[in-house]
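# Coordinates in review
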Amino acid sequence: MLIACGDALIDFVPTRSTEGREAVIPAVGGACLNVAIGMARLGAPTSFVGGISTDLFGRMIADHTAASHVDLSFATRSDHQTTLAFVRIVAGESHYAFYDAETATRNWSYRRGSIPFGKVEALHVGSTTLVNDHGAAETTALVADARASSTISFDPNCRPNLVKEKPAYLARMAGFAASADLIKMSDVDFTYLFGDEPYQQRASALLGQGTSLVVITRGNDGAVAWHAGAGQIEVAAPKVEVADTIGAGDSFQAALLFALHKQGRIARQTLKDIRADELRRALSFAANCAGLTCTRPGADPPWSHEVSWSL
C-alpha cells in the first residue's frame, strides 16, 4: 500500500466566461491528495491521510477521491470548512491565493496507532500542511512512526505566500528532507529553498545525509535526478499542448512512486540498489504522465488506460 498525507482542498481554476471575462471553476486539488489520486488511478493500492471537511466542498473531495479508488479510511472527517485556493496563471506558472484559516486540513491530527505501517511500502508528505506548526508537528510524528518500515517520500511544494518566517520554514524543510529516502522538488522550489546553489552540489549533500534519490523537475526542460549508485540521470519533457500546469508536479511524483512500486524498487533497500536503466524508465514514465496532465485543465492525473509508456 502507498499513502499520501497532507492537503485536500478545492482549486478554483481559471477559465473564461462566454462574454470573455475572467472566471473560475471549482476542481478537487491539494498537492498530496493529487499524489494519492495519481497513484491510485495508475493502479497502486493507495490511501490518503489528512483532514477532509463534511461541508459541501468536502463531500465533493470525498466523492472525487473515492471515484479514483483512493481509500479514505485513514482520513479524518470534520465539520471545519474546506481549504479554498484561487489560481492564476502568470508567465506559465500557477500562482495561488489560499483561504486556509480554521479548515479541516489545518486542524488535522494524526491518529496514533491507526495505520498498519508494516503494510505500507511508502509514505509521501509535503506541501501546505507543513507550513503551519500544528500540521508540521503531526506529520513529523507520522513520519517517525512510518520510517521503521516504510520508504519516506518528500516534496516541499513550497507556497511562499503562506510562509510567515522563512528561516524557520527553511529549517523545517531541512528536517523533513533529512528523514526522506526520496526527495522531489521543482526548480522553482529549489530556488526558493537554496537560492543559486548548483543543483548537483545540493543533491550531493542530500545523498550524503542518507537520501537515496533526489529529483528536480524543470518544466519544459524535463527532469534531472541523482542517485548514489545509478549516478545522474536526465530525462526530457514530452512536447504537448499545454492547457495549464496545475497538478503536473504532483502527477510526476505519483507516477514516479507508482513506477518504483511496479518495478519492485520502492522499498528502502531496493531503492538504494536500483539500476540506472530502471531509474531512467521510471523518470521517463513520470515525465510523460506529468505531460499528459498538462494537456487538461486543473489537477487531473492520468488513468492507467490512458498510459501507453512501458516500465
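So, here is what we can say about the structure in this document. None of these values were measured; they are calculated from a predicted model. (Residues numbered from 1 in each chain as written. Predicted model: local features only at pLDDT ≥ 70, side-chain atom pairs only at ≥ 80, totals over all residues. Heavy atoms only, no water.)

With that settled, consider the nonpolar core. One finds F48, F252, L256 and L283 to be the most contacted residues of the largest nonpolar core, which totals 50 residues. Among all residues touching L256, those that are not within four sequence positions of it are L182, L213, V215, A282, L283 and A286. Judged by nonpolar contacts, the second largest core, of 49 residues, contains L9, Y96, V131 and A203. (Core = buried A, V, L, I, M, F, W, Y, C linked by side-chain atoms within 4.5 Å. Buried < 20%, exposed > 50% of the residue type's maximum accessible area, 1.4 Å probe, protein only. Contact = heavy atoms within 4.5 Å.)

So, on to the sheet that holds strand β6 (residues 70-71). Here 9 strands make up an open sheet; going across it, the order is β6-β4-β1-β10-β11-β12-β13-β14-β15 and the pairing mixed. In this open sheet, the two edge strands, each paired with only one partner strand, are β6 and β15 (231-235). Of the pairings in the sheet, the one linking strand β1 (residues 2-5) to strand β10 (residues 122-126) comprises 4 bridges and is parallel in character. Looking across to β10, one finds that L2 is bridged to A122. (Pairing = 2+ DSSP bridges. Helix = DSSP H or I, 4+ residues; strand = E, 2+ residues; numbered from the N terminus.)

We now examine the packing of helix α1 (residues 31-42) against helix α7 (residues 248-263). Between α1 and α7, the shortest axis-to-axis distance is 8 Å and the interhelical angle comes to 45°. Judged on the interaxial angle alone, α7 and α1 are oblique. Judged by the twist between their axes, the crossing of α1 over α7 is right-handed. Across from A31, N34, V35, G38, M39 and L42 in α1, the residues of α7 making contact are D250, Q253, A254, A255, L257 and F258. (Axes fitted to C-alpha atoms, helices over the stretch in contact; angles between N-to-C directions. Parallel < 35°, antiparallel > 145°, perpendicular 65-115°, else oblique. Left-handed = near helix turned anticlockwise from the far one by under 90°.)

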